[in-house]
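# Coordinates in review
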Amino acid sequence: MGVVVEVDRVSKVYELGGQMFQALKSVSLAIEEGVFMAIAGPSGSGKTSLLNLIGCIDTPSGGRILIDGVDVAGKSADELADLRNRTIGFIFQTFNLLPVLSAAENVEYPLLRRNDLTAAERRARVKHFLNLVGLSNFGGRRPNQLSGGQRQRVAIARALAVEPRIVLADEPTANLDRKTGDEILKLMRSLNKQLGTTFIFSTHDKRVMAMADRLVRISDGELTLLGVRTADRWAYVKAR
Ligand code: ADP
Ligand code: MG
């Protein structure tokens, strides 16, 4: 498996009200194509910061993010937007659906700026991905007419509709009850296997980590542990 994302000695410093805060401290990580990777750590440990950098929605204060071996710092704003739109799908803790749009329109939304797709192709994709997440009969509903689990399924369909290589999910089960959260993770896992899409998700839930085949533990902005599952065994590597 090739490496799709490389995080190379990345640091992130935020400035807030004249105070500097280092959220990530020289984080290095190689992510192979097709993995189901959990980033685990307590609240405030830097999970969202790391996902935002991998997703190119924020830029590192130091170090490099490479996608397919290419440093994203060298890309123009247009190239970055294109990379985000075609390569990366996002799933959020709070679903982030547009309330005035139906489920189907939410899934279609990121496809509207794709001028390589006809309206018929867009609709076919919407149908396909709503079906894949088990919502073929719910396309006409608004988010407020759906349960939390169904909303997150719409968000998963929306993320996948662009046929991204990487899906980033920031605590996707944090606003769901345990059973629904488990179902969402199982769905993500089966889509990961079925489509070969790389999934990188953050959590502070121990149960969630059991589903992963790569585990990264983060604490106070530093990686403390990397785990790799081979067959049924976990091999642990201390982070650099
Ligand atoms: P997590 O997702 O693990 O809860 P975050 O990456 O959101 O952690 O945050 C890591 C640390 O960085 C926290 O202490 C948080 O308060 C701080 N932080 C995050 N975003 C900002 C920001 N935009 N400005 C200032 N501090 C921030
Ligand atoms: Mg977070």
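Preceding this section is the structure that the text describes.
All values derive from a computational prediction rather than experimental measurement.

The rules behind each value
Residues numbered from 1 in each chain as written. Chains lettered and ligands numbered in written order. Predicted model: local features only at pLDDT ≥ 70, side-chain atom pairs only at ≥ 80, totals over all residues. Heavy atoms only, no water. Pairing = 2+ DSSP bridges. Helix = DSSP H or I, 4+ residues; strand = E, 2+ residues; numbered from the N terminus. Axes fitted to C-alpha atoms, helices over the stretch in contact; angles between N-to-C directions. Buried < 20%, exposed > 50% of the residue type's maximum accessible area, 1.4 Å probe, protein only. Near = heavy atom within 4 Å. Polar contact = N/O pair within 3.5 Å; in protein donor to acceptor, adjacent residues only side chain to side chain.

If you trace the seven strands from one edge of the open sheet to the other, you get S6-S7-S8-S3-S9-S10-S11, paired in mixed fashion. Among the strands making up the open sheet, the edge pair consists of strand S6 (88-91) and strand S11 (233-237). In this sheet, neighbouring strand axes are inclined to one another by 20° on average, regardless of whether the strands run parallel or antiparallel. In this structure, strand S9 (residues 214-219) lies alongside strand S10 (residues 222-230), joined through six bridges in antiparallel fashion. Residue pairing across strands places Arg217 opposite Leu225, the latter belonging to S10.

Let us now look at unusual backbone geometry. In this model, Phe95 sits at a positive phi of 70°, which is unusual for a non-glycine residue. By the element assignment, Phe95 lies in the loop between S6 and helix H3 (103-108). Accessibility expressed as a relative area gives 10% for Phe95, which makes it buried. Even without being glycine, Asp220 reaches a positive phi, approximately 50°. Checked against the element boundaries, Asp220 lands in the loop between S9 and S10. Judged by its relative accessible area of 56%, Asp220 falls in the exposed class.

The subject of this paragraph is the site of ligand 1. Taken together, Tyr14, Phe21, Ala23, Pro42, Ser43, Gly44, Ser45, Gly46, Lys47, Thr48 and Ser49 form the complete shell of residues around ligand 1. Measuring from an oxygen atom of ligand 1, one finds a backbone N or O atom of Gly44 at 2.6 Å. Between ligand 1 and Gly46 there is a distance of 3.0 Å, counted from an oxygen atom to a backbone nitrogen or oxygen. Taken together, the elements giving at least two residues each to the shell around ligand 1 come down to strand S2 (19-32) and helix H1 (47-54). A per-element tally of the shell around ligand 1 places H1 first, with three residues.

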